[in-house]
Amino acid sequence: DDPVLEARDVSRHYPVRHVGRRGVVHAVDDVSLALFRGRITAVVGESGSGKSTIARVLARLEPPTSGELRLDGEPVGKPRGQAFRKYLGQVQMIFQDPFASLNPIHTVEHHIARPLKLHGPPRSKAEVHAEVLALLERVSLTPAEQFARKRPHELSGGQRQRVSIARALAVRPEVLLADEPVSMLDVSIRLGVLNLLQRLGHDDGLALLYITHDIASARYFADSVQVMYAGRLVEGGPAEAVTQEPAHPYTRLLIDSAPDPDRRGVLDGGRAERLGEAPDLSDPPSGCRFHPRCPLAMPVCEEKAPPKFSVGGGAGEEHWAACWLHAPEEQQEQAQEQEAQ
Ligand code: ATP
Ligand code: SF4
Ligand code: MG
């Protein structure tokens, strides 16, 4: 199966200036990611690892510094004109804070009708109204007639996030990018919103990107898990393989510092006290960016960034890790020798 949306070697750097010194923040470096129809891909990482940045680039809210995006196999062009409008209709994003993304003065109906009027074919008032109601039912906000008339302050956080989802679905996208969609919601309603997203992915065939700092929720909810550290993807593969047999030392640390899902509930949110400091991305560590924190670091790790090495998988998705521990022996020796010269 071919990916719907793909990032190839995408980097996103931000110019910054501190204490008179010019620099650049390596928010995302060389990230390759593919999203498939009917499949949920999780990107997991701690705060500041570049998760929202890659989502914003995929949503084309900002351009990549280098690398390319492909939609349905075609490289995407400049962000203007008909093709760009079409892209925005195919790829939709929902954000962490459902309070900030809805306008308090407008009704739910107004929020959802807007994209219908802007993107869709011409429709009568009655047709728009009927579609708004259908969308509200699809996100389980019923009775739909009642919810259509409400304003954001009359809704709970979970209901607001459902309105954001309905609004994103209004243009019939193929891809939905969800940036920490439940992290600001009460623990008790997170599962309901995630189940809705899962239904949209698995039953309705959307390609779904689920961004989270909580690897436990990624394991239960996603098909594929990609682990991000300091602007780079460090491990990826089938959700079960990555979370049950993590190959990268950072993934292991992430799993060890997540709350015990059996004891505290899957969606309690990770506590990261054992993770330590995330690196400064305006001056990222050389070689493997994880080397200053890695208990297994070798001399080569400081010198050379590890490429992706296959660590298993069979049918379906490959399981890989960007870590020298998984290099075939001769390649590891070669790298060590080069480093010794
Ligand atoms: P969180 O879990 O806190 O949402 P994140 O993984 O989404 O974090 P990003 O928001 O993508 O991380 O940020 C990655 C890095 O890029 C951070 O170091 C951040 O400070 C930096 N960054 C993000 N946006 C900008 C910007 N507009 N200008 C400069 N630096 C930025
Ligand atoms: Fe640790 Fe080296 Fe692997 Fe990086 S490449 S995770 S430093 S062992
Ligand atoms: Mg973020």
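Heads up: the structure comes first, above all this text.
Keep in mind that this is a model prediction, so the values were computed, not measured.

## Side note on the overall build of the protein
Scanning the protein from terminus to terminus reveals 13 helices and 12 strands. The C-alpha atoms of the protein give 21 Å as radius of gyration, which agrees with the globular expectation for 341 residues (20 Å, within 12%). Referenced to the eigenvectors of the C-alpha coordinate spread, the extents of the protein come out at roughly 75 × 50 × 50 Å. The buried share of the protein, taken over its 341 residues, is 48%. Pairs at least 24 apart in sequence give 65% of the contacts found in the protein among residues at least 6 apart. Within the structure as shown, the protein displays about 16,500 Å² of accessible surface, and the carbon and sulfur contribution to it stands at 48%. In the protein, the 40 positive side-chain charges and the 46 negative ones have mean positions that sit 10 Å from each other.

## Comments concerning the sheet that holds strand β2 (residues 21-35)
In space, the 4 strands of this open sheet follow the order β2-β1-β4-β5, with antiparallel pairing throughout. Each edge of the sheet is formed by a strand with only one pairing partner; in this case those strands are β2 and β5 (74-75). Two strands pair when backbone bridges link them, and strand β4 (residues 66-71) and β5 are joined in this way by 2 bridges, in the antiparallel orientation. What sits directly across from Arg 70, in β5, is Pro 75. Packed on one face of the sheet, helix α1 (residues 51-58) meets β1 (5-18), β2 and β4 and runs near 120 degrees to β1.

## What about the packing of aromatic side chains?
Applying the stated rule across the entire model yields 5 aromatic pairs. Measuring from centroid to centroid gives 4.6 Å for Tyr 229 and Tyr 250, while their planes differ by 50 degrees, and the two rings are tilted. Residue Tyr 229 is located in strand β9 (residues 224-229), and its partner Tyr 250 is located in helix α10 (residues 249-257); the two are separated by 21 residues in the primary sequence. An identical accessibility class is assigned to Tyr 229 and Tyr 250; each is buried. For the ring pair Tyr 250 and Phe 290, a centre distance of 5.4 Å and an interplane angle of 70 degrees mean the geometry is edge-to-face. Taken together, the residues span a long stretch of sequence, with Tyr 250 in helix α10 and Phe 290 in the loop between α11 (261-264) and α12 (299-303) at a distance of 40 residues. Taken together, the aromatic side chains of Tyr 229, Tyr 250 and Phe 290 make up a single cluster linked through ring pairs.

## Here's the deal with the site of ligand 2
Residues in close proximity to ligand 2 total 13 residues, the closest being Cys 288, Cys 294, Cys 301, Cys 323 and Trp 324. The residue makeup of the shell around ligand 2, split by class, is 11 nonpolar, 2 polar and no charged.

About the criteria used
Residues numbered from 1 in each chain as written. Chains lettered and ligands numbered in written order. Predicted model: local features only at pLDDT ≥ 70, side-chain atom pairs only at ≥ 80, totals over all residues. Heavy atoms only, no water. Helix = DSSP H or I, 4+ residues; strand = E, 2+ residues; numbered from the N terminus. Rg over C-alpha atoms; globule rule 2.2 N^0.38 Å. Buried < 20%, exposed > 50% of the residue type's maximum accessible area, 1.4 Å probe, protein only. Contact = heavy atoms within 4.5 Å. Areas by Shrake-Rupley, 256 points an atom, 1.4 Å probe, with all protein chains shown as cover. Lys, Arg positive; Asp, Glu negative; His and termini not counted. Charge placed at Lys NZ, Arg CZ, Asp CG, Glu CD. Pairing = 2+ DSSP bridges. Axes fitted to C-alpha atoms, helices over the stretch in contact; angles between N-to-C directions. Phe/Tyr/Trp six-rings, centres within 6.5 Å; stacked < 30°, edge-to-face > 60°. Near = heavy atom within 4 Å. Nonpolar A, V, L, I, M, F, W, Y, C, P; charged D, E, K, R; others polar.

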